[in-house]
Amino acid sequence: MAVQRILLFSTIIFLALSNSSCNGSFNIEDHENDDFFMSADPKMNVEQEFGHDFQVYPSYLSTIAEDDNMNIEEVANRVAFIDVSRFGAKGDGVTDDTTAFEKAWKEACSSNTPVLFVVLHNMNYLLKQITFSGPCKSSISMQIFGSLEASDNISDYSKDRSHWILFNNVQNLVVGGGGVINGNGKIWWQNSCKINKSLPCKNAPTALTFYNCKNLKVKNLKIKDAQQIHVSFERCTNVEASNLMVTAPENSPNTDGIHVANTQNIQISDSTIGTGDDCISIASGSQKVQATDITCGPGHGISIGSLGSRNSEAHVSDVIVSRAKLSGTTNGLRIKTWQMYNIGVIIMWCIQGGSGNASNIIFQNVEMQGVKNPIIIDQNYCDQHDPCKQQSSAVQVKNIVYENIIGSSATNVAINFNCSKSFPCEGIVMQNINLVEEGGTATAVCSNVEFSNIIGTVSPHCPGESFQE
């Protein structure tokens, strides 16, 4: 029965594509290894691929579910299959396919029925800066089976140096397929002021940005060599990001893996991230953020912040980081509530301070190997030769839990709480911490920190800590 269902679902796809005038450009044989097309349970995959609100199409799902009496024509009429090849995309890695993708998206976004947007297997589509804008009339599942490669001509980004691929104001969207998104960032790294100090500091594009999206799933993708940040979720709600592999050289500047800003209710899971900057960075305005089963390294670790730059108000709350493994990173679990302000290559002044809070944050079940700063809160960071002026305000850091954190530190300071004198860190809980220095004895450095509970064995620990077994 399973084999019959596979073949029947394949037939559905062929008929749907024929009805959509794809001119035979979509070949199911190219996807015999793709989970979506070859699953023995197509009903389950359709529900997963079309996201959160697909239950509004019960007749479609019930038709798919029929083992012996599938109404193929009904299914074909209820899903629009869009193949970018039909719109002139070549996928040869040389031809500019931007216009073809724009035309395909225009048709997808105007469809009154759910859309399966297909990027073919074994094809490499060259794209300039592109925006997929909503709102769209129905849900869309973009399945990237092949590769998307960014143009390496900097002049192609003259209208927007901040984005390469941007999804703007799209609801009920799935992006997946197991393919590759290649930012082709080498030319941008070479022209970064962090690499060449004689150059002015300029923006570089984020490879994949989701802005103002709701009910979003991003999964089963490899994102590599971003121009700057790899994946950014900004002003989004209800997000699932899973099974992502994000990679860039360790010396690539500002190449954060996953960046979250002003986003609520996001789950990041089962992902491997190794870049030249933070594996995950969580910025102001973010709430209800969960990151589970994350492998991080190389990079700068998992960071909350920077918060409160230029005396701004910042808020981050209800964050859980669980079951993470960090190896060889410059930081482990970091909260930083200051950001330098610079113009060009000269740091003009530092601004500590700001207002707001970072609160209700849990770091648990984390393993570290050779991490330089395994646990760090820094409210007094200053990256300039002359001391920064102390400010009378600060972002409050409170109600932070560190639980079951083990592993090795590449430096002798495994725990560093460098908190504000004006607004000390409050409500810090330490439970079952065991961090050792590689070849030495790890220590803890603690300033202006107030612990609410110390449970179990905590090593190293701050002077004056009391323990509750």
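Residues numbered from 1 in each chain as written. Predicted model: local features only at pLDDT ≥ 70, side-chain atom pairs only at ≥ 80, totals over all residues. Heavy atoms only, no water.

## Focus: the overall build of the protein chain
Here comes step 1: Within the protein chain, the regular secondary structure consists of seven helices and 30 strands.
Here comes step 2: Put simply, the protein chain has 469 residues, and 52% of those count as buried.
Here comes step 3: In the protein chain, once contacts between residues fewer than 6 apart in sequence are set aside, the share between residues at least 24 apart is 74%.
Here comes step 4: Carbon together with sulfur atoms contributes 45% to the accessible area of the protein chain, which is approximately 19,600 Å² in total. (Helix = DSSP H or I, 4+ residues; strand = E, 2+ residues; numbered from the N terminus. Buried < 20%, exposed > 50% of the residue type's maximum accessible area, 1.4 Å probe, protein only. Contact = heavy atoms within 4.5 Å. Areas by Shrake-Rupley, 256 points an atom, 1.4 Å probe, with all protein chains shown as cover.)

## Describing the packing of aromatic side chains
Here comes step 1: This model, assessed by the stated rule, comprises twelve aromatic pairs.
Here comes step 2: With a centroid separation of 5.1 Å and 55° between ring planes, the pair formed by W105 and F132 is classed as tilted. With W105 in helix α6 (residues 98–109) and F132 in strand β5 (residues 130–133), the pair connects residues that are 27 residues apart, well separated along the chain. With respect to class, W105 is no different from F132; both count as buried. (Phe/Tyr/Trp six-rings, centres within 6.5 Å; stacked < 30°, edge-to-face > 60°.)

## Points about the nonpolar core
Here comes step 1: Membership of the largest hydrophobic core comes to 107 residues, with the highest contact counts inside it found for F101, W105, F117, F167, F210, Y402 and F417.
Here comes step 2: Ignoring sequence-local partners within four residues, the contact set of F210 consists of F167, L173, V175, L216, V218, V231, S232, F233, E234 and C236. (Core = buried A, V, L, I, M, F, W, Y, C linked by side-chain atoms within 4.5 Å.)

## Observations regarding the sheet that holds β5
Here comes step 1: Strand order in the open sheet formed by eleven strands is β5-β8-β11-β13-β15-β17-β19-β21-β25-β27-β29, with parallel pairing between adjacent strands. Edge positions in the sheet fall to β5 and β29 (443–447), since each has one partner strand and no second. Strand-to-strand, the axes of this sheet are offset by a mean angle of 10°, without reference to chain direction.
Here comes step 2: The pairing of strand β17 (residues 280–282) with strand β19 (residues 302–304) spans three bridges and is parallel. Within β19, the position partnered with S281 by the bridge is S303.
Here comes step 3: Set on the sheet, α6 makes contact with β5 and β8 (163–168); between it and β5 the angle comes to about 5°. (Pairing = 2+ DSSP bridges. Axes fitted to C-alpha atoms, helices over the stretch in contact; angles between N-to-C directions.)

## Points about the state of the cysteines
Here comes step 1: Applying the stated criterion across every chain, the model contains five disulfides.
Here comes step 2: Here C419 connects covalently by a disulfide to C425, the sulfurs 2.0 Å from one another. On the sign convention where negative means left-handed, the S-S torsion of about -100° between C419 and C425 marks this disulfide as left-handed.
Here comes step 3: Residue classification places C419 among the buried residues on the basis of a relative accessible area of 1%.
Here comes step 4: The exposure class of C425 is buried, given its relative accessible area of 0%.
Here comes step 5: Here C446 is linked by a disulfide to C462, with a sulfur-sulfur distance of 1.5 Å. One disulfide, between C446 and C462, carries an S-S torsion of -60° and so falls in the left-handed class. Within this pair, whereas C446 is found in strand β29, its partner C462 is found in the segment after β30 (449–459), the two being separated by 16 residues in sequence.
Here comes step 6: On the basis of relative accessible area, C446 is assigned to the partly exposed category, the value being 25%.
Here comes step 7: For C462, a relative accessible area of 2% puts it in the buried group.
Here comes step 8: With no disulfide of its own, C213 lies 4.7 Å from the sulfur of C236, the closest cysteine sulfur.
Here comes step 9: Exposure remark for C213: the relative accessible area of 1% places this residue in the buried category. (Disulfide = S-S within 2.5 Å.)

## Some points on the pattern of salt bridges
Here comes step 1: Tallied over the entire structure, the rule returns five salt bridges.
Here comes step 2: Residues E107 and R86 are paired through a salt bridge, measuring 2.9 Å at the closest nitrogen-oxygen approach. Of this pair, E107 sits in helix α6 while R86 sits in the loop between β1 (80–83) and β2 (92–96), placing them 21 residues apart in sequence.
Here comes step 3: For E107, a relative accessible area of 35% corresponds to the partly exposed category.
Here comes step 4: As a salt-bridge pair, R334 and D278 come within 3.1 Å of each other at their nearest N and O atoms. A residue pair is termed long-range when its members are at least 10 positions apart, and R334 in strand β21 (residues 333–336) and D278 in the loop between β16 (264–274) and β17 qualify at 56 residues. For the pair formed by R334 and D278, the shared burial category is buried.
Here comes step 5: Each of D96, K128 and D156 takes part in salt bridges that share partners, so that together they form one network. (Salt bridge = Lys/Arg side-chain N within 4 Å of Asp/Glu carboxyl O.)

## Topic: the side chain of T209
Here comes step 1: As for its placement among the helices and strands, T209 is situated in strand β11 (residues 206–211).
Here comes step 2: Ignoring anything within four residues of it in the chain, the contact list for T209 reads H163, I165, L166, F167, S232 and E234.

## Comments concerning the environment of E403
Here comes step 1: Structurally, E403 is set in strand β26 (residues 396–409).
Here comes step 2: The exposure class of E403 is partly exposed, given its relative accessible area of 21%.
Here comes step 3: When the C-alpha atoms of E403 and Q364 are compared, they prove to be 4.6 Å apart, with 39 residues separating the residues in sequence.
Here comes step 4: In contact with E403, not counting residues within four places along its chain, are F363, Q364, N365, Q431, N432 and I433.

## Brief notes about the side chain of D97
Here comes step 1: Position of D97 relative to the elements: it lies in the loop between β2 and α6.
Here comes step 2: We note that D97 is buried and unpaired, the nearest opposite charge coming from K90 at a distance of 7.4 Å.
Here comes step 3: Excluding residues within four positions of it along the chain, D97 makes contact with G88, A89, K90, G91, Y125, L126 and L127. (Lys, Arg positive; Asp, Glu negative; His and termini not counted.)

## Comments concerning the environment of T209
Here comes step 1: For T209, a relative accessible area of 0% corresponds to the buried category.
Here comes step 2: Taking C-alpha positions, T209 is 4.8 Å from S232, a pair spaced 23 residues apart along the chain.

## Observations regarding the confidence of the model for the protein chain
Here comes step 1: On average, the protein chain scores 83 in pLDDT, and the residues at 70 or more come to 76%.
Here comes step 2: Within the model, the stretch residues 1–70 combines pLDDT values under 50 with 125 contacts to residues more than four positions away or in other chains.
Here comes step 3: This stretch, residues 339–351, has a pLDDT under 50; its non-local contacts, to residues over four places away or in other chains, come to 28 contacts. (pLDDT = per-residue confidence, 0-100.)

## Some thoughts on the pairing of strand β20 (residues 313–327)
Here comes step 1: Looking at chain direction, strand β18 (residues 286–296) and β20 are connected through nine bridges and run parallel. In the strand pairing of β20, V289 is matched with V319.
Here comes step 2: One ladder, built from 13 bridges, connects β20 with strand β24 (residues 355–371); its direction is parallel. Looking across to β24, one finds that V321 is bridged to F363.

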